[in-house]
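Chain by chain, the residues:
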Amino acid sequence: MSIDALQQVQVAIAPYDVRQGNFVGAGINMVTKSGANQFSGSIFYNTRNNDYVGTHAGPNKFNPGTFDYTNIGVSLGGPIIKNKLFFFANYEDDKQTQPGTTFIANTGGQPVGGTTTRVLASDLDALSSYLQTNFDYAAGPYQGYDSEPPRRVSSRAPTST
């Protein structure tokens, strides 16, 4: 549920009212927005990527990898028939791409340190080949790949009163 679609939020940690029960810890009650006689709405956009972060911490060089995060949202509510029928709609989208790893396998002649590991690329290729041959399992890449978490899209259907 998008926070932009919420009118009220109530958290009951230790309710003493006997009508509230059947939960352990806390109960969360949320009331969503609905339309009104006045049009109202909001829009937002957030972004963050590797262009906004540094690559040095004192004398140490840091590789943040290539990543991108975008969050956008829109909400709109208002009257369909004044004093009788209203609508409210909300949409939010969240997209993220981040490096699976910034480490690279050692080709054999590279010094270990920074983002270069002790693990040899030939050993990782041999393991991948073994898994594919004996178990028909494709292990996938071990460097230079992006990780994209599942997308979360929040929306609320129009309501009427």
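This is a predicted model, so every value here is computed, not measured.

Moving on: the overall build of the chain. Counting its secondary structure elements, the chain contains one helix and eleven strands. Scanning the chain from its N terminus toward the C terminus, one meets helices and strands in the order β-β-β-β-β-β-β-β-β-α-β-β. In the chain, which comprises 161 residues, the proportion classed as buried is 20%. Within the chain, contacts between residues at least 6 apart in sequence are counted, and of these 59% link residues at least 24 apart. Split by element, the accessible area of the chain, about 11,700 Å² in all, is 55% carbon and sulfur.

The next point concerns helix α1 (residues 121-135). Taking 1.5 Å per residue as the helical rise, α1 with its 15 residues ought to reach 21 Å, and the 21 Å between its terminal C-alpha atoms agrees with that figure. Immediately downstream of α1, the backbone of D136 shows phi near 50°, a positive value.

All right, on to the side chain of T116 then. With respect to the helices and strands, T116 occurs in strand β9 (residues 116-120). Residue T116 is classed as buried on the basis of its relative accessible area, which comes to 13%.

Looking now at the pairing of strand β6 (residues 68-81). When strand β3 (residues 40-49) meets β6, the two strands line up antiparallel, connected through ten bridges. Bridged to N49 within β6 is D68. Bridge count for β6 against strand β7 (residues 85-99) is 13 bridges, and the pairing is antiparallel. If you follow T70 over to β7, its bridge partner there is K95. Where β6 hands over to β7, the hairpin turn is made up of three residues, of which N83 adopts a positive phi near 65°.

Scanning all chains against the criterion turns up two aromatic pairs. Between Y130 and F135, the ring centres sit 6.1 Å apart and the planes meet at 70°, which makes this aromatic pair edge-to-face. Among the residues examined, F135 registers a relative accessible area of 55% and is labelled exposed.

All right, on to unusual backbone geometry then. The backbone of N83 shows a phi angle near 65°, a positive value even though the residue is not glycine. Inspection of the secondary structure puts N83 in the loop between β6 and β7.

With that settled, consider a nonpolar patch on the surface. Together, M1, V9, V11, I13, I28 and M30 give the surface a local cluster of nonpolar side chains, amounting to about 640 Å² of exposed area. Listed by contribution, the elements that provide at least two residues to the nonpolar patch are β1 (6-12) and β2 (27-32). Among the secondary structure elements, I28 is positioned in strand β2.

Basis of the calculations
- Residue numbers here run from 1 along each chain, matching the order of that chain's written sequence.
- The predicted origin of the model limits local features to residues at a pLDDT of at least 70 and limits the giving and counting of side-chain atom pairs to 80 or more, whereas totals for whole chains, interfaces and linings rest on all residues.
- Side-chain calculation: all heavy atoms of the structure are included, whereas hydrogens and water are not.
- Runs of H or I in DSSP of at least four residues are treated as helices and runs of E of at least two as strands, each being numbered from the N terminus.
- In this scheme, a residue with accessible area under 20% of its type's maximum is buried, one over 50% is exposed, and one in between is partly exposed, where area comes from a 1.4 Å probe on protein chains only.
- Note on contacts: a residue pair qualifies if any of its non-hydrogen atoms lie within 4.5 Å across the two residues.
- Using a 1.4 Å probe, the Shrake-Rupley method yields the accessible areas, and only the shown protein chains count as cover for residues.
- Residue count minus one, scaled by 1.5 Å, sets the expected span of a helix.
- Strand pairing is assigned whenever DSSP detects at least two bridges linking the two strands.
- What counts as a ring pair is set by centres within 6.5 Å for rings of Phe, Tyr and Trp (its six-membered ring), and what kind of pair is set by the plane angle: stacked under 30 degrees, edge-to-face over 60, tilted for all other angles.
- Like-charged residues within 9 Å of one another, or nonpolar side chains (Val, Leu, Ile, Met, Phe, Trp, Tyr) within 5 Å, are grouped into patches, provided each residue has over 30% relative accessible area and no salt bridge.
- Salt bridge, as used here, is a side-chain nitrogen of Lys or Arg placed within 4 Å of a carboxyl oxygen of Asp or Glu.

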